[in-house]
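Listed here are the chains, written in short residue letters.
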Amino acid sequence: MRAIPDVQIRLVSPQDSIAELTALLHRAYAPLAAMGLRYVATHQSPEVTQARIGQGECYVVQASGKLIGTIVFRPAEKTKGSAWLDRADVASLGQFAIDPEWQSSGLGGRLMALAETRAVQTGAAEIALDTAEPATHLIEWYSRRGYRFIEYAQWQSVNYRSVIMSRPVSPVQNGNSPG
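Residues numbered from 1 in each chain as written. Predicted model: local features only at pLDDT ≥ 70, side-chain atom pairs only at ≥ 80, totals over all residues. Heavy atoms only, no water.

A. Summary view of the sheet that holds strand S6 (residues 148–153). The strand order across the open sheet built from seven strands is S1-S2-S3-S4-S5-S7-S6, with neighbouring strands paired in mixed fashion. In this open sheet, the two strands that pair with only one neighbour each are strand S1 (7–11) and S6. Neighbour-to-neighbour, the strand axes of the sheet open up by a mean angle of 25 degrees, direction not taken into account. Pairing of strand S5 (residues 126–132) with strand S7 (residues 162–168) involves seven bridges; the strand directions are antiparallel. By the bridge assignment for S7, Leu129 is matched with Met165. Across the sheet, helix H4 (residues 136–144) lies against strand S4 (90–98), S5 and S7, angled at about 165 degrees from S5, the strand it touches most. (Pairing = 2+ DSSP bridges. Helix = DSSP H or I, 4+ residues; strand = E, 2+ residues; numbered from the N terminus. Axes fitted to C-alpha atoms, helices over the stretch in contact; angles between N-to-C directions. Contact = heavy atoms within 4.5 Å.)

As structure tokens, this is what we get:
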């Protein structure tokens, strides 16, 4: 585990290099590509990175002038694609990456907490994500954060079945979970 120096977590800005952010995604997703999993982030172009940023609020982690992490938070009105994701009370996150040199440093957890907080602030009851079914290490990590299996999805842009996971982010009235 690498010691965390002074890092800045902030919204992406027009001054940030989309090419640098795309290269970060490629580095972070390379082990998944080596598993044969064709996540969009394993090979996306800078134009695709920019389009995915436009789907929500993109946060970046910067250390010593270098981008070392990112996550896109999508409020409920921008979350879609399946029965669960189409719900009006479900926000989501995606394009989540930490540079391999910085993984296991706690930065991923900080970005997840930021997205979860934004879900509460935007009035969502749940925050969802998806990952590849064979990426059991990621499913286990998300499960430890309180995410649970919801459903499977097959996106046209990937070569695997996705697992959609979600967790509550705000107090639920009457002790009943939504849905």
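There's plenty left to go through after this.
B. Representation of unusual backbone geometry. Positioned with a positive phi, Gln95 is a non-glycine residue whose angle comes to about 40 degrees. Residue position: Gln95 is located in strand S4. A relative accessible area of 4% places Gln95 in the buried class. Positive phi values are uncommon outside glycine, yet Ser104 reaches one of about 65 degrees. (Buried < 20%, exposed > 50% of the residue type's maximum accessible area, 1.4 Å probe, protein only.)

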